[in-house]
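Single-letter residue listing:
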Amino acid sequence: MQGRVIAEMRGRIIKGDIEPGAPLSELALAEEFGVSRTPVREALKQLQTEGLVEIRPRVGTFVSTPSRREITELFEMKELIEGAAARLLARRGRVAEIDLLERNLRESDEAVARDDRERYAELVQEFHDLLITGADNSKLEAHYRMLMNQLAYYSRLVHTSLSRPGRVLQSDREHHVVLELILEKDGDSAEQVMREHVRASRRALLAGLPIGGPHTS
């Protein structure tokens, strides 16, 4: 029962069905799920561990809204993990994920050509996911998934970074370079370029956010 509550709430937060900063009522959730408050309380504690929820004693429980500093720290970890993934994939040779990445880039080029940013944003997420699965390292992937949960509502803010002038075309080119280096089995360079790509995305994202902090509006 607790697991169902965790999975459902995690999904809602990641998909953006619940806004960052929104209050979460134990009583209301218990009624909705048809359970006592205990499994709801334990579920919220787990989501706090994952960085999705903030529990403030004697105040309430809220969907997390990471600060600019926290965004920066999360992206620093994203840079390390995805750089390592590019290196590991470069060692593997012609695996299935390579074909999928090539198809992803063909579709990305088409999305860029017709200025379809909505579709391009989806393909960006797919590119990064394929890179992680292609690394074939379960521990790396587990850390990545938890990290991306904490960056959950930034899947929507990808649009913020892509709204920066020239960022879509630059991003697409960077993806091409990463894959070329992976195909050449140049793990060192693939890692370096991938890390630079994540840094560029972080700069574009932060430049598009209000000075006071992240917002989705």
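As a starting point, this report considers the structure included with it. (Residues numbered from 1 in each chain as written. Predicted model: local features only at pLDDT ≥ 70, side-chain atom pairs only at ≥ 80, totals over all residues. Heavy atoms only, no water.)

1. Some thoughts on the sheet that holds strand β3 (residues 60-63)
And step 1. With respect to topology, three strands assemble into an open sheet ordered β1-β3-β2, the strand pairing being antiparallel. Looking at strand neighbours, the two that pair on one side only are β1 (23-24) and β2 (53-56), the edges of this open sheet.
And step 2. Strand direction decides the pairing type here: β2 and β3, joined by four bridges, are antiparallel. Within β3, the position partnered with arginine 56 by the bridge is glycine 60. (Pairing = 2+ DSSP bridges. Helix = DSSP H or I, 4+ residues; strand = E, 2+ residues; numbered from the N terminus.)

2. Examining the pattern of salt bridges
And step 1. Applying the stated criterion across every chain yields a total of 25 salt bridges.
And step 2. In this structure, arginine 56 engages glutamate 54 in a salt bridge whose closest nitrogen and oxygen atoms are separated by 3.3 Å.
And step 3. A relative accessible area of 35% means that arginine 56 is categorised as partly exposed.
And step 4. Put simply, Arg103, Glu107, Arg119 and Glu122 are held in one network by salt bridges that share partners. (Salt bridge = Lys/Arg side-chain N within 4 Å of Asp/Glu carboxyl O. Buried < 20%, exposed > 50% of the residue type's maximum accessible area, 1.4 Å probe, protein only.)

3. Regarding the pairing of β3
And step 1. Of the pairings in the sheet, the one linking β1 to β3 comprises two bridges and is antiparallel in character. The residue bridging leucine 24 from the neighbouring strand is threonine 61, located in β3.
And step 2. In sequence, β2 turns back onto β3 through a hairpin of three residues, with arginine 58 there showing a positive phi of about 65°.

4. Re the environment of arginine 87
And step 1. By the element assignment, arginine 87 lies in helix α4 (residues 68-92).
And step 2. With a relative accessible area of 25%, arginine 87 lands in the partly exposed category.
And step 3. In sequence terms arginine 87 and valine 178 are 91 residues apart; their C-alpha atoms lie 9.9 Å from each other.

5. So, the nonpolar core
In summary, soluble globular proteins display a tendency toward joint burial of nonpolar side chains.
And step 1. Core analysis: the biggest nonpolar cluster contains 31 residues, and Leu89, Leu131 and Ile182 have the highest contact counts within it.
And step 2. Elements that contribute at least two residues to this core include exactly α4, α5 (96-113), α6 (117-135), α7 (138-150), α9 (167-183) and α10 (187-207).
And step 3. If you tally residues by element for this core, the top one is α4, at eight residues.
And step 4. Here isoleucine 182 is in contact with Ala86, Leu89, Ala90, Ile98, Leu131 and Ala190, once residues within four sequence places are set aside.
And step 5. Within the second largest apolar cluster, 18 residues are counted, among which are Ile18, Ala30, Leu44 and Val53. (Core = buried A, V, L, I, M, F, W, Y, C linked by side-chain atoms within 4.5 Å. Contact = heavy atoms within 4.5 Å.)

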